[in-house]
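# Tertiary structure, described
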Amino acid sequence: MNTIQNNTCSGMSNSIGIKSYKGGIYKRFIKRPLDIILSLLAIIVLSPLMIIIAVLVRVKLGSPILFKQERPGLNEKIFIIYKFRTMTDQRDENGELLPDYMRMTKFGKMLRATSLDELPELFNILRGDMSIIGPRPLLIEYLPLYNDKQRRRHDVRPGLSGLAQVNGRNAISWEEKFDYDIEYVKNVSFLLDFKIIFLTFLKVFKREGINKSDFVTMEKFKGTKINR
């Protein structure tokens, strides 16, 4: 099996051995039922682990256990994403939240490094907000910053993992991420989803691409100056 290489978007399809298809029957009739089945099975199997994590989050980070935030999904429809909290609510003397790096604990870093903080998103998948594989759901504030090409990432449901996540995650630029997102939209298929799932497990095991530079989370997208 060819490994998905961190190449330019133009050569990506050849590097993973996937031809350019529109998704066809899989995208329209199989992908969503498969998401429902797999997310439900995962919730059942992983429920003991999620309960343990929930208890640890409550003890180490306090309440609430879940991080909730509005994100744009399919066709830019807004939904609420669920994750386990990874940071405290520590504030300064003015009541403002401290910077992320000051609120991130060792426990929170471990959750992010292993992607265990993402497990509650299985319920988003079951609800139909997300898919197992697709472009990651980003902040609402980015919507007016996208160019026409980048906006196409919302032509499919956002995913728990995606093509950008197995090609660098937070270690690549925003423009590279969006190129991978659009390449996925153009090439949705069962084989591509299967390869991304397989490579996601490898990346999580190796803990690659978690953070970029000294940022706890990747620096915010501020728009693309050149129309790509």
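Everything below is about the structure shown above.
Position of Arg71 relative to the elements: it lies in strand E1 (residues 66–72). Aside from chain neighbours lying at most four places away, what touches Arg71 is Lys77, Ile78, Phe79, Ile81, Lys83, Pro137, Leu138, Leu139 and Ile140.

We now examine the environment of Ile182. Mapped onto the elements, Ile182 comes out in helix H7 (residues 174–186). Residues Ile182 and Gln150 lie 32 residues apart in sequence; the distance between their C-alpha atoms is 7.0 Å. Sequence-distant contacts of Ile182, that is, excluding residues within four places in its chain, are made with Lys149, Gln150, Arg152 and Arg153.

Okay, the nonpolar core next. Core analysis: the largest hydrophobic core is formed by 30 residues, its most contacted members being Ile53, Val57, Phe84, Leu119, Leu163, Tyr184 and Ile196. For this core, the secondary structure elements donating two or more residues are helix H2 (24–61), strand E2 (78–84), helix H4 (106–113), helix H5 (121–127), strand E3 (131–133), H7 and helix H8 (190–206). When residues no more than four places from it in sequence are discounted, the contact partners of Tyr184 are Lys31, Ile133, Gly134, Pro135, Val156, Leu163, Leu192, Asp193 and Ile196. Ranked by size, the runner-up nonpolar core spans nine residues in total, among them Leu138, Phe178, Met218 and Phe221.

Let's shift gears to the pairing of E1. When E1 meets E2, the two strands line up antiparallel, connected through seven bridges. Bridge pairing in E2 places Lys68 opposite Tyr82. Counting the residues in the hairpin turn of E1 and E2 gives five residues, including Asn75, whose phi is positive at 55°.

The geometry of an aromatic ring pair comes down to the distance between the two centres and the angle between the two planes. Under the defined criterion, the tally for this structure stands at eight aromatic pairs. Each ring, one from Tyr142 and one from Trp174, has its centre 5.4 Å from the other, and the planes form 75°; the classification is edge-to-face. Within this pair, whereas Tyr142 is found in the loop between E3 and helix H6 (148–151), its partner Trp174 is found in helix H7, the two being separated by 32 residues in sequence. Overall, Trp174 belongs to the buried group, its relative accessible area being 11%. For the pair Tyr146 and Phe178, a centre-to-centre distance of 5.4 Å together with 85° between the ring planes defines the contact as edge-to-face. Of this pair, Tyr146 sits in the loop between E3 and H6 while Phe178 sits in helix H7, placing them 32 residues apart in sequence. In this structure, Tyr146 and Phe178 share a single accessibility class: buried. Cluster of aromatic residues (ring-pair linked, three or more members): Tyr142, Tyr146, Trp174, Phe178 and Phe221. Over the ring of Phe107 we find Lys60, and its NZ or CZ is 5.8 Å from the ring centre.

Conventions used here
Residues numbered from 1 in each chain as written. Predicted model: local features only at pLDDT ≥ 70, side-chain atom pairs only at ≥ 80, totals over all residues. Heavy atoms only, no water. Helix = DSSP H or I, 4+ residues; strand = E, 2+ residues; numbered from the N terminus. Contact = heavy atoms within 4.5 Å. Core = buried A, V, L, I, M, F, W, Y, C linked by side-chain atoms within 4.5 Å. Buried < 20%, exposed > 50% of the residue type's maximum accessible area, 1.4 Å probe, protein only. Pairing = 2+ DSSP bridges. Phe/Tyr/Trp six-rings, centres within 6.5 Å; stacked < 30°, edge-to-face > 60°. Lys NZ or Arg CZ within 6 Å of the ring centre and 35° of its normal.

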